[in-house]
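What follows is each chain in one-letter form.
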Amino acid sequence: MNDATLAQARELLSKTRARQTPARVHILATLLGAQRPLSHQDVQELLEPSLDRVTVYRVLDWLTAENLAHKLAGDDRVWRFSAAKAPHHHAHFHCQQCGKFYCLEDIRTDLPMALPKHFVADSVEITVKGLCANCQTG
């Protein structure tokens, strides 16, 4: 994790007017630096300094509630988190072999929808399933 990512995490946290605890800063910086959505375990393994699992769970939930992170569930019922750099309006790719998730920024989920009368959409999730580039060549 580099100084620029830590500074970006601090800046985003300052907008919440909440305390900037070291755990919040480091976990958000980890999400900001990730190239794909991360599970709780992934986050915990990448953290330096390490934090206990309960703290990681609580901070991930807090970041999600503050709209600084978004989460998605896989078929394995494991939540994965990514930094909410902007409103979350993209699809994801789930590799059926290695289980990793990837953000598909070019596939938008903020498409116009015709819902039945009195229905209001809160979010749309699109997950494409298949084999990632690493698993196809490996």
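Let us look at the structure shown here. (Residues numbered from 1 in each chain as written. Predicted model: local features only at pLDDT ≥ 70, side-chain atom pairs only at ≥ 80, totals over all residues. Heavy atoms only, no water.)

## Comments concerning the packing of aromatic side chains
So, point 1. Counted according to the given criterion, the structure contains 0 aromatic pairs.
So, point 2. Lying over the aromatic face of tryptophan 62, arginine 24 brings its terminal NZ or CZ to 3.8 Å of the ring centre.
So, point 3. Taking NZ or CZ as reference, lysine 71 lies 4.3 Å from the ring centre of tryptophan 79, over its face. (Phe/Tyr/Trp six-rings, centres within 6.5 Å; stacked < 30°, edge-to-face > 60°. Lys NZ or Arg CZ within 6 Å of the ring centre and 35° of its normal.)

## Remarks on the pattern of salt bridges
Where side chains of opposite charge bring their charged atoms close, a pairing between them can arise.
So, point 1. All told, the structure shown has 2 salt bridges when counted by the stated rule.
So, point 2. The partner of aspartate 42 in a salt bridge is arginine 36, and the shortest N-O contact between them spans 3.5 Å.
So, point 3. Arginine 80 is paired through a salt bridge with aspartate 76; the nearest N and O atoms lie 2.9 Å apart.
So, point 4. Note on arginine 80: relative accessible area 7%, which makes it buried.
So, point 5. Overall, aspartate 76 belongs to the partly exposed group, its relative accessible area being 40%. (Salt bridge = Lys/Arg side-chain N within 4 Å of Asp/Glu carboxyl O. Buried < 20%, exposed > 50% of the residue type's maximum accessible area, 1.4 Å probe, protein only.)

## Focus on the sheet that holds strand β6 (residues 127-130)
So, point 1. A sheet is described by the order of its strands in space; here 3 strands give the open sequence β5-β4-β6, paired in mixed fashion. Either end of the sheet is taken by a strand with one partner, and the two such strands are β5 (101-108) and β6. On average, each strand axis in the sheet is inclined to that of its neighbour by 30°, with strand direction left out of account.
So, point 2. Here 5 bridges tie strand β4 (residues 90-95) to β5, and the two strands are oriented antiparallel to one another. Along β5, the bridge assignment pairs alanine 91 with leucine 104. (Pairing = 2+ DSSP bridges. Helix = DSSP H or I, 4+ residues; strand = E, 2+ residues; numbered from the N terminus. Axes fitted to C-alpha atoms, helices over the stretch in contact; angles between N-to-C directions.)

## What to know about the packing of helix α1 (residues 3-14) against helix α2 (residues 22-33)
So, point 1. Between α1 and α2, the least distance of the axes is 8 Å, while the angle of their chain directions is 115°. When you trace α1 past α2, the crossing you get is right-handed. Mapping the contact onto sequence places Thr5, Leu6, Gln8, Ala9, Arg10, Leu12 and Leu13 in α1 and Arg24, Val25, His26, Leu28, Ala29, Leu32 and Gly33 in α2.
So, point 2. Residues belonging to the contact of α1 with α2 are distributed by class as follows: 8 nonpolar, 4 polar and 2 charged. (Left-handed = near helix turned anticlockwise from the far one by under 90°. Contact = heavy atoms within 4.5 Å. Nonpolar A, V, L, I, M, F, W, Y, C, P; charged D, E, K, R; others polar.)

## Thoughts on the packing of α2 against helix α4 (residues 53-65)
So, point 1. For the pair α2 and α4, the least separation of the axes is 10 Å and the interaxial angle reads 70°. One finds that α2 runs roughly perpendicular with respect to α4. Residues Ala23, Arg24, Ile27, Leu28 and Leu31 of α2 form the contact with α4, whose own contacting residues are Thr55, Val56, Val59, Leu60, Trp62 and Leu63.
So, point 2. Partitioning the contact of α2 with α4 into residue classes produces 9 nonpolar, 1 polar and 1 charged. (Parallel < 35°, antiparallel > 145°, perpendicular 65-115°, else oblique.)

## A closer look at the side chain of serine 39
So, point 1. Its place among the elements puts serine 39 in strand β1 (residues 38-39).
So, point 2. If we skip the residues at most four places from it in the chain, serine 39 touches Val78, Trp79 and Arg80.

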